[in-house]
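Examining the three-dimensional arrangement
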Amino acid sequence: MSVAKRYILPWALMGLLSLQLKSQEIIPEVERLETQIAHHETMIDSLQMRIEHLKSEVLLNDLHRSGLPSEEYISHSAMVVSFDASSRQAAWVAHIISPDIAKGGFGRTNDFRDDPLVEGDAVEADYFLKELQPDSSYVYDGFGYDRGHLAPSADFSWNRTALSESYFYSNMSPQHPDFNRESWAELEATLRAYVLRNEVPLYVVTLPIIDADAERIERGVHQLPIPQRYAKVVWDDVHGRGVAFIMDNRPLDGHNSDHAMSIDRAEEITGYDFFSALASDEQESQMNISDWFPESTWDGVEPLYAPSLPPGHINTTQAKRWMGSQDKVRVCGTVVSTRFSSSGNYWLNVDKKFPNTVFNVYVRKKDFNNFDGIHKEYLLNEKVCFNGKVTSMYGLPNMNIVRQEQVSLMD
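So, here's what we can say about the structure. (Residues numbered from 1 in each chain as written. Predicted model: local features only at pLDDT ≥ 70, side-chain atom pairs only at ≥ 80, totals over all residues. Heavy atoms only, no water.)

Observations concerning the overall build of the protein chain
- Along the backbone of the protein chain there are six helices and 19 strands.
- In summary, the protein chain has a C-alpha radius of gyration of 31 Å against a globular reference of 22 Å for 411 residues, an excess of more than 25%.
- When the backbone C-alpha atoms are referred to their principal axes, the protein chain occupies close to 110 × 70 × 55 Å.
- The proportion of buried residues among the 411 residues of the protein chain is 44%.
- Considering only intrachain contacts with a sequence separation of at least 6, the fraction spanning at least 24 residues in the protein chain is 63%.
- When the accessible surface of the protein chain is totalled, it reaches about 21700 Å², and 52% of it is carbon and sulfur.
- Averaging the positions of the 38 positive and the 59 negative side-chain charges in the protein chain gives two centres separated by 10 Å. (Helix = DSSP H or I, 4+ residues; strand = E, 2+ residues; numbered from the N terminus. Rg over C-alpha atoms; globule rule 2.2 N^0.38 Å. Buried < 20%, exposed > 50% of the residue type's maximum accessible area, 1.4 Å probe, protein only. Contact = heavy atoms within 4.5 Å. Areas by Shrake-Rupley, 256 points an atom, 1.4 Å probe, with all protein chains shown as cover. Lys, Arg positive; Asp, Glu negative; His and termini not counted. Charge placed at Lys NZ, Arg CZ, Asp CG, Glu CD.)

Some remarks on the environment of Val238
- Along the chain, the position of Val238 falls in the loop between strand S9 (229–236) and strand S10 (241–248).
- C-alpha of Val238 to C-alpha of Asn198: the two residues are 40 residues apart in sequence and 9.7 Å apart in space.
- Aside from chain neighbours lying at most four places away, what touches Val238 is Val200 and Pro201.

Digging into the nonpolar core
- Counting 60 residues, the largest nonpolar core has Trp92, Leu202 and Phe275 as its most contacted members.
- When residues of this core are assigned to their parent elements, the largest contribution, seven residues, is made by strand S3 (residues 89–97).
- Sequence-distant contacts of Trp92, defined by excluding residues within four places in its chain, comprise Leu68, Pro69, Ser70, Glu72, Tyr73, Val80, Val81, Ser82, Val205, Thr206, Leu207 and Tyr272.
- Counting residues in hydrophobic clusters, the runner-up holds 22 residues, among them Ala319, Val363, Tyr378 and Ile401. (Core = buried A, V, L, I, M, F, W, Y, C linked by side-chain atoms within 4.5 Å.)

Quick word on the packing of aromatic side chains
- Counted under the stated rule, the structure contains 19 aromatic pairs.
- Their ring planes at 80° and their centres at 6.0 Å tell us that Phe245 and Phe293 sit as a pair that is edge-to-face. In this pair, Phe245 is assigned in strand S10 and Phe293 in the loop between helix H6 (289–292) and strand S12 (313–315), connecting sequence segments 48 residues apart. Both residues of the pair, Phe245 and Phe293, count as buried.
- Ring centres 6.1 Å apart and planes at 55° place the aromatic pair Tyr346 and Tyr378 in the tilted group. Here Tyr378 lies in the loop between strand S15 (360–363) and strand S16 (383–388) and Tyr346 lies in strand S14 (residues 346–350), a separation of 32 residues in the sequence. Take Tyr346 and Tyr378: they sit in the same class, and that class is buried.
- Counting every residue linked through ring pairs, the aromatic cluster contains Phe340, Tyr346, Phe368, Phe371 and Tyr378.
- In this arrangement the basic side chain of Lys130 is found over the ring face of Tyr138, its NZ or CZ atom lying 4.8 Å from the centre.
- Arg147 extends its terminal NZ or CZ atom over the ring of Phe112, reaching a point 3.5 Å from the ring centre. (Phe/Tyr/Trp six-rings, centres within 6.5 Å; stacked < 30°, edge-to-face > 60°. Lys NZ or Arg CZ within 6 Å of the ring centre and 35° of its normal.)

Some remarks on the pairing of S16
- Burial analysis of S16 places five of its six residues in the buried class, which makes it a mostly covered element.
- Here strand S13 (residues 329–340) runs beside S16; their pairing, made up of six bridges, is antiparallel. Looking at S16, one finds that Val329 is bridged to Gly388.
- Alignment of S16 against strand S19 (residues 407–409), held across three bridges, turns out to be antiparallel. Note that in S19 the partner of Val384 across the bridge is Leu409. (Pairing = 2+ DSSP bridges.)

Observations regarding the state of the cysteines
- Evaluation of the coordinates by the stated rule reveals one disulfide.
- A sulfur-sulfur distance of 2.1 Å marks the disulfide that ties Cys332 to Cys385. Disulfide Cys332 to Cys385: torsion about the S-S bond roughly 105°, handedness right-handed. Here Cys385 lies in strand S16 and Cys332 lies in strand S13, a separation of 53 residues in the sequence. For the residue pair Cys332 and Cys385, the accessibility class agrees, reading buried in each case. (Disulfide = S-S within 2.5 Å.)

Some details on the sheet that holds S3
- Across the sheet, which stays open at both edges, the seven strands sit in the order S1-S2-S3-S8-S9-S10-S11 with antiparallel pairing between neighbours. Every other strand in the sheet has two partners, leaving strand S1 (74–75) and strand S11 (260–261) as the edge strands with one partner each.
- As defined by bridge partners, S9 adjoins S10 across eight bridges and the pair is classed as antiparallel. Bridge pairing in S10 links Tyr230 to Met247.
- Contacting S3, strand S8 (202–209), S9 and S10, helix H3 (residues 177–198) crosses the sheet at an angle of about 0° to S9.
- Helix H4 (residues 263–270) contacts S8, S9, S10 and S11 of the sheet and is inclined by roughly 45° relative to S10. (Axes fitted to C-alpha atoms, helices over the stretch in contact; angles between N-to-C directions.)

Given below as structure tokens:
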């Protein structure tokens, strides 16, 4: 072994020994710091829960002062429930969508359970049966309806306790699966988008509408009545405006804006008085759909309010469900743009302009003589009803009209 190697090796061993001694000192220090971190995390979590509690207390106080639909209700962390024992569902549920949803980090808990503050609410066996298999898995036998949230869990994403309480059966109601997962979910998302866009809280009251002759979930243990419709009534106290929606409990076509109405109109239908301490009679009678669906006026106008149309008439968003039908229907709307195609045919966009078109009408060049003069602005800006069969073109509803009698101006 060379002299260099004889001297290097001992020094290397001493270096390793020095590192080992330092490790013995470092490891306890790391453990001490990790313990401190865990302690601080516990403190932070405790402080966060305290903040959530204080915020929910403010929301509850605001709810109680808003003028709730009736005086009998129970209060949870961030929602108020008026329970109807005869239907084993809520008569109504009220809550506030807070702008804190922008930073909410809590997701679905799916811990469906009894509400400890009510007697006689529904149970799991009202919606499905769950059978344990030999391999410890479960087989689910559903009865055809979802456990639909009245106050949606996503509205409480900022508060873990309130989110979990949204899974009480007192907040559930039998909803058609397609309705619950599509139109109803879209409406809930629309209201959250409003809160985020405007950075304001929204007061919301949601209720099932159960007729006396309502069908029931026959296979369920309590045979729950199935609501024919659901109502959601909304108030923005910062801007002094509101809106209401009443929607059938079934798969729905068209746009949720088709079901929008004034709070005043919802009160007539449901028999309740909403937000009596906040909204004036004049405010409750007004409703501007573009406040809630700003995209509804992009490159066009709002579709005509479907319930206001005469029997047998539909608006442009409802036309889609008639595509391919052999029946003739009257589709009504406002002609917002017109053009001649390269082949000379005349096209009309109703309610929405290209590329946001929702319903198109066209007249072939060979049929021009059947009309009272086709020109570049024929029917432009007019409210018109077109009578004919609705066909599909690139997935959009269209109608070919061949004579003047298929066109009628609205008063």
